[in-house]
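Residue strings, one per chain:
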Amino acid sequence: MEYGFGVDIGGTTVKLAFFDQAGTLLHKWEIKTNTENGGCSILPDIAASVNTFLKEKNIRQEQIIGIGVGVPGPVDDLGVVNQCVNLGWGKVDIQKELSELTGFPVKAGNDANVAALGECWQGGAKGYTNIVMATLGTGIGGGIVVKGKIINGIHGAGGEIGHITLEPGETEACGCGKCGCAEQYCSATGIVRLARRYLAEYTDPSVLRHMMDMECKDIFAAAEKKDVAACAILEQVYKYLGLLLANVCCVIDPEVILLGGGVSKAGEPLIVGTMKYFERYAFHACRSTKIRLAELGNDAGVYGAFKLILNEYAE
């Protein structure tokens, strides 16, 4: 056995990658995620794509270690996802079904946890075995790796740090149905939401006031030019994010925290701004915890997915 696949299932596309046993990404491609009819075609489409690739490359089945899969929903230790709204899935036994379709061993995990494993293996946290990763995108995904292993939790919800409550008095609901979640303040959409609130409450002159379709990147760009309102808005974001990560460290106490997702493209200002508040709120034993930027970008999921099955094979 020499090769394997890492698969990252998203709501729009499925990313597939072919690796050798050393972890070298040899080939990658995408297929459309067909969410019609409750997503019943997703796993068969993945199996067909994998089998077509093997035939085209003239690779024998016995050369394949297996397939690792990242899924945008809670996945338990047995590889069963219990409701995945973006895919139209209810309860799906990913490992059993995809294994039956391909004939290969399959290991599945939550996509954010899997991405964290990828970063731990070949990315920004390479060399560490205990990490927390926060993916700051449209929402907030979280991944926890302890001693090189993903922490899924009993219900597959381990690492859902985006739904830690930061503002108990919040009246607007998060997408999850609760109010005051970290996702409402530190995600890309949450940052824009904070900006609109700020601009409605204060009268500071700002370039942001003239933007009909404001995006998170616009706020960071304005702050870089010393826009007073943008700087004040991001100060709120850094405070919330520092508080969130400090609280997570009280439970996990990782060696390093990684920030990924679209918001992380802000780079060093995001790290510096967050660290100021992290050090203020963190338990004294955790204040020296490093905060770094993730490095694998959109490939983190496929790297982590392959590492899932590689770990299983190694055991």
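Our subject is the structure listed above.
Residues numbered from 1 in each chain as written. Predicted model: local features only at pLDDT ≥ 70, side-chain atom pairs only at ≥ 80, totals over all residues. Heavy atoms only, no water.

A.B. asks: Before we move on, could you go through the overall build of the chain and cite the residues and values that matter?
C.D. replies: Helix and strand counts for the chain come out as 10 helices and 12 strands. For a compact globule of 315 residues, the expected C-alpha radius of gyration is about 20 Å, and the chain comes in at 20 Å, within 12% of that figure. Projected onto its principal axes, the C-alpha coordinates of the chain cover approximately 65 × 45 × 35 Å. The burial tally for the chain puts 52% of its 315 residues in the buried class. Considering only contacts within the chain whose residues lie at least 6 apart along the sequence, 61% involve residues at least 24 apart. As displayed, the chain offers around 14,500 Å² of accessible surface, 51% of which is attributable to carbon and sulfur atoms. Separation of charge centres in the chain, based on 28 positive and 36 negative side chains, amounts to 3 Å. (Helix = DSSP H or I, 4+ residues; strand = E, 2+ residues; numbered from the N terminus. Rg over C-alpha atoms; globule rule 2.2 N^0.38 Å. Buried < 20%, exposed > 50% of the residue type's maximum accessible area, 1.4 Å probe, protein only. Contact = heavy atoms within 4.5 Å. Areas by Shrake-Rupley, 256 points an atom, 1.4 Å probe, with all protein chains shown as cover. Lys, Arg positive; Asp, Glu negative; His and termini not counted. Charge placed at Lys NZ, Arg CZ, Asp CG, Glu CD.)

A.B. asks: Summarise helix α2 (residues 42-57); cite the residues concerned and give the values.
C.D. replies: The end-to-end C-alpha distance of α2, which contains 16 residues, comes to 23 Å, matching closely the 22 Å that a straight helix rising 1.5 Å per residue would cover. By the burial criterion, the buried members of α2 are I42, L43, I46, A47, S49, V50, F53 and L54. Projected down its long axis, α2 carries its buried residues within an arc of 165°, all on one side. Every exposed residue of α2 that faces more than 90 degrees away from the buried side is listed here: K55 and E56. (Expected span 1.5 Å × (residues − 1). Arc of directions from axis to C-beta.)

A.B. asks: I'd love a proper account of the sheet that holds strand β4 (residues 64-71), names of residues and values included.
C.D. replies: What the 5 strands build is an open sheet, ordered β3-β2-β1-β4-β7; its pairing is mixed. Whereas interior strands pair on both sides, the edge strands pair on one side only; in this sheet they are β3 (25-32) and β7 (106-110). Direction aside, the axes of adjacent strands within the sheet are offset by 15° on average. Packing of helix α3 (residues 94-102) onto the sheet brings it into contact with β4 and β7, and relative to β7 it is tilted by some 145°. (Pairing = 2+ DSSP bridges. Axes fitted to C-alpha atoms, helices over the stretch in contact; angles between N-to-C directions.)

A.B. asks: Tell me what's going on with unusual backbone geometry, and back it up with residues and numbers.
C.D. replies: With phi around 55°, N58 is a residue other than glycine that occupies positive phi space. The topology assignment puts N58 in the loop between α2 and β4. Judged by its relative accessible area of 67%, N58 is exposed. You will see that Q83, though not glycine, has its phi angle at about 75°, which is positive.

A.B. asks: Could you give an account of the state of the cysteines, with specific residues and numbers?
C.D. replies: Evaluated as defined, the whole model comprises 0 disulfides. Cysteine C181 is unpaired, with the sulfur of C176 as its nearest cysteine sulfur at 3.7 Å. Under the relative-accessibility criterion, C181 is labelled buried at 0%. (Disulfide = S-S within 2.5 Å.)

A.B. asks: Report on the side chain of T274, specifying residues and quantitative values.
C.D. replies: Within the fold, T274 resides in helix α9 (residues 268-281). On the basis of relative accessibility, which here comes to 0%, the residue T274 falls in the buried class. Look past the residues within four positions of T274 in its chain and what remains in contact with it is Y238, L241, G242, L245 and I291.

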